[in-house]
Amino acid sequence: SRYGLTPARMDGALQLFARTLAQFGCGASIPITAITLKRNTEVVSKYLGQNIEFAVHGYTHIDYSRLPSEEQLVHLQLARQVFQERGVSGVGFRSPYLRQNAGLYHAIVAVGFAYASNQPILWNAVDFGASTPATCADYERAIAFYTPWLASQRLSVPRLQGPLVEIPVSLPDDEILVERLGGATTGLLESSWLSILSQTYQRGELFTLQLHPERIAASRQALAAVL
């Protein structure tokens, strides 16, 4: 229901995403799996000249922290190979579900990525005034799954992890705000992201906004407000 049986629905989402970014002269990095690129190279290629970078999101969409180190390495090698064969640079890596461990970082380095963006950092940005206990519980479960740093305790800035640049990912993202809290219809998505933007601006830090392309229709107004 979300992706459809052909590339048409996601292609439409990417078109809307690209148009929204272009209004503000802005680009984006969109992580995709290698198998998605392999099956839909023509769709992806249309956006390479539109200031959109496609980062590697694994070979398939699985929790890589659960794989043995040797399998992590094989998956990432295969993913880089597919990207190179399809003419997509794929210099960055983001894990599905933002899951990570030491073995995965060794594989990311060994395969030759320049940056990773897996470390979530949680901001105090949500007004829970109208939320029900059930939606608050959903929110807490999502946060517990990500195990983020807290912005009250850590800096939201890129850092070196060995030879890699690690770029932190700000939470709450669209998945949490839309799926857990219904934020697309209540304005919570926009107000939360603008709060993060204000805090990062005042602190001189980085707001890496995570927005999955399939939710762009519901999130476009909030994205435009931030841009």
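Note that the structure is a prediction, hence the values are computed from the model and not measured.

**Thoughts on the overall build of the chain**
Next up, step 1: Looking only at helices and strands, the chain features 10 helices and 9 strands.
Next up, step 2: Compactness check: the chain gives a C-alpha radius of gyration of 17 Å against a globular reference of 17 Å for 227 residues, within 12% of the reference.
Next up, step 3: On the principal axes, the C-alpha backbone points of the chain span a range of 50 × 35 × 35 Å.
Next up, step 4: Counting over 227 residues, the chain shows a buried share of 45%.
Next up, step 5: In the structure as shown, the chain presents an accessible area of about 11,100 Å², 55% of it carried by carbon and sulfur atoms.
Next up, step 6: Side chains of the chain give 18 positive and 18 negative charges; the mean places of these two sets differ by 3 Å.

**With respect to the side chain of aspartate 173**
Next up, step 1: Tracing the backbone shows aspartate 173 in the loop between strand E9 (169-171) and helix H7 (174-180).
Next up, step 2: Nearest to the buried, unbridged aspartate 173 among oppositely charged side chains is arginine 215, at 6.2 Å.
Next up, step 3: Polar side-chain contacts of aspartate 173 include one of 3.3 Å to the backbone nitrogen of glutamate 175.
Next up, step 4: There is a polar contact of 2.6 Å between the side chain of aspartate 173 and the side chain of glutamine 210.
Next up, step 5: With residues near it in sequence (within four places) discarded, aspartate 173 still touches Tyr146, Trp193, Gln210 and His212.

**Some remarks on the side chain of histidine 57**
Next up, step 1: If you trace the backbone, histidine 57 turns up in the loop between strand E2 (52-56) and helix H4 (69-85).
Next up, step 2: A polar atom in the side chain of histidine 57 sits 3.4 Å from the side chain of histidine 61.
Next up, step 3: From its side chain, histidine 57 meets the backbone oxygen of arginine 94 in a polar contact 2.8 Å long.
Next up, step 4: Here histidine 57 is in contact with Pro31, Ile32, Thr33, Phe93, Arg94, Ser95 and Pro96, once residues within four sequence places are set aside.

**Examining the nonpolar core**
Next up, step 1: Among the nonpolar cores identified, the biggest contains 62 residues, and Phe54, Leu76, Phe83, Ile108, Phe113 and Trp193 are the most heavily contacted of them.
Next up, step 2: Ranked by the residues each element gives to this core, the list is headed by helix H1 (residues 8-23), at 6 residues.
Next up, step 3: When residues no more than four places from it in sequence are discounted, the contact partners of phenylalanine 113 are Val56, Leu76, Arg80, Gly90, Val91, Gly92, Phe93, Ile108 and Leu164.

**Examining the sheet that holds strand E5 (residues 120-122)**
Next up, step 1: Spatially, the 3 strands line up as an open sheet ordered E6-E5-E9, and their pairing is parallel. The strands lining the two open edges of the sheet, one partner per strand, are strand E6 (149-150) and E9.
Next up, step 2: Bridge analysis of E5 against E6 gives 2 bridges, and the strand direction is parallel. Counterpart to leucine 122 in the pairing with E6 is leucine 150.

Rules used in this analysis
- Residues numbered from 1 in each chain as written.
- Predicted model: local features only at pLDDT ≥ 70, side-chain atom pairs only at ≥ 80, totals over all residues.
- Heavy atoms only, no water.
- Helix = DSSP H or I, 4+ residues; strand = E, 2+ residues; numbered from the N terminus.
- Rg over C-alpha atoms; globule rule 2.2 N^0.38 Å.
- Buried < 20%, exposed > 50% of the residue type's maximum accessible area, 1.4 Å probe, protein only.
- Areas by Shrake-Rupley, 256 points an atom, 1.4 Å probe, with all protein chains shown as cover.
- Lys, Arg positive; Asp, Glu negative; His and termini not counted.
- Charge placed at Lys NZ, Arg CZ, Asp CG, Glu CD.
- Salt bridge = Lys/Arg side-chain N within 4 Å of Asp/Glu carboxyl O.
- Polar contact = N/O pair within 3.5 Å; in protein donor to acceptor, adjacent residues only side chain to side chain.
- Contact = heavy atoms within 4.5 Å.
- Core = buried A, V, L, I, M, F, W, Y, C linked by side-chain atoms within 4.5 Å.
- Pairing = 2+ DSSP bridges.

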